[in-house]
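Coordinate analysis (summary)
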Amino acid sequence: MDVGRGIVTLSDDSTVVTGSFEGIADFGPYNLTSQGDSDVFVAKLGNQPPSTPTIDGPTEGTAGEQYTYEVCSTDPEGDDIIYCFDFGDDSGEICIGPFTSGTCQTIDYTWAEEGTYVVKVKATDVYGDASDWATLEVVMPVTQQLDTHITLLQRIFELFPNAFPILRQLRGLYH
Ligand SMILES: [Ca+2]
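Residues numbered from 1 in each chain as written. Predicted model: local features only at pLDDT ≥ 70, side-chain atom pairs only at ≥ 80, totals over all residues.

A few words on the overall build of the chain. Along the backbone of the chain there are two helices and twelve strands. When its helices and strands are written in sequence order, the chain yields β-β-β-β-β-β-β-β-β-β-β-β-α-α. Out of the 175 residues belonging to the chain, those deemed buried represent 13%. Considering only residue pairs separated by 6 or more positions, the chain has 51% of its internal contacts joining residues 24 or more positions apart. (Helix = DSSP H or I, 4+ residues; strand = E, 2+ residues; numbered from the N terminus. Buried ≥ 20, exposed ≤ 12 C-beta atoms within 10 Å, placed from the backbone. Contact = placed C-beta atoms within 7 Å.)

A separate point is the sheet that holds strand S5 (residues 39–45). Spatially, three strands are ordered S1-S2-S5 in an open sheet, and the strand pairing comes out antiparallel. The strands lining the two open edges of the sheet, one partner per strand, are strand S1 (3–9) and S5. Ignoring strand direction, the axes of neighbouring strands in this sheet form an average angle of 15 degrees. Pairing analysis gives six bridges linking S1 to strand S2 (residues 15–21), with the strands arranged antiparallel. Of the residues in S2, the one forming a bridge with threonine 9 is threonine 15. (Pairing = 2+ DSSP bridges. Axes fitted to C-alpha atoms, helices over the stretch in contact; angles between N-to-C directions.)

In this section: the nonpolar core. Formed by 13 residues in total, the largest nonpolar core has its most connected members in Ile55, Tyr69, Val71, Tyr83, Phe85, Val119 and Val121. Put simply, the parts of the chain that give this core at least two residues each are strand S7 (66–72), strand S8 (81–86), strand S11 (115–125) and strand S12 (134–140). (Core = buried A, V, L, I, M, F, W, Y, C linked by C-beta atoms within 7 Å.)

What follows concerns the environment of leucine 32. Tracing the chain through its elements places leucine 32 in strand S4 (residues 30–33). Residues contacting leucine 32, with those up to four places away along its chain left out, are Phe21, Ile24, Ala25 and Phe41.

What follows concerns the pairing of S8. In summary, the side chains of a regular strand alternate between the two faces of the sheet. Burial along S8 is one-sided: Ile81, Tyr83 and Phe85 are buried, and none of Ile82, Cys84 and Asp86, which face the opposite way, are. With five bridges joining them, S8 and strand S9 (residues 93–99) adopt antiparallel strand pairing. Paired with cysteine 84 across the bridge in S9 is cysteine 95. Taking the residues between adjacent antiparallel strands as the criterion, S8 and S9 are bridged by six residues, where glycine 88 takes a positive phi near 85 degrees.

A separate point is the environment of valine 119. Looking at where valine 119 falls in the secondary structure, it is placed in strand S11. C-beta crowding within 10 Å serves as the criterion here: with 24 such atoms nearby, valine 119 is assigned to the buried category. Sequence separation of valine 119 and alanine 134 is 15 residues, and the distance between their C-alpha atoms is 8.1 Å. Ignoring sequence-local partners within four residues, the contact set of valine 119 consists of Ile55, Tyr69, Phe85, Phe87, Gly88, Thr135, Leu136 and Val138.

Take unusual backbone geometry next. With an omega dihedral of 10 degrees, the bond running from glycine 97 to proline 98 counts as a cis peptide bond. Residue position: proline 98 is located in strand S9.

Rendered as structure tokens:
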């Protein structure tokens, strides 16, 4: 027979229960199995945050184009989950949800400016407990890389004005 013999609430709002049980005691996400006829238990019951989300999506692209990122997280208690994003620019925090625990969600985003951005996302359950941040570095360099490439060629032509006649013809194509 399972019996609770004492209960106390701690300052962090978790609850501690003590008692005795036989066989298996079911505490929601956790089970205890008795080692004999009857065992005592001390259980601390509190809300746990969702898992740190996984984030999947393009890590390079072009400023001004829209990209889609998928995030997935699971809450140990099965609580609904809110995802909050920081896209590394000055748009601030963007939150979506709540969604069912264990389901993946997508969000579309467009960076207006070229640059390297660290996308951050965390999962918060409906009781306000948040996971750690997951991060993904995204580079929006395409035009910038081309500029650098042309500048490097120009520098080579300046240093060696007569050495690369074929490249000088290519340079003509760029201008
Ligand atoms: Ca939870």
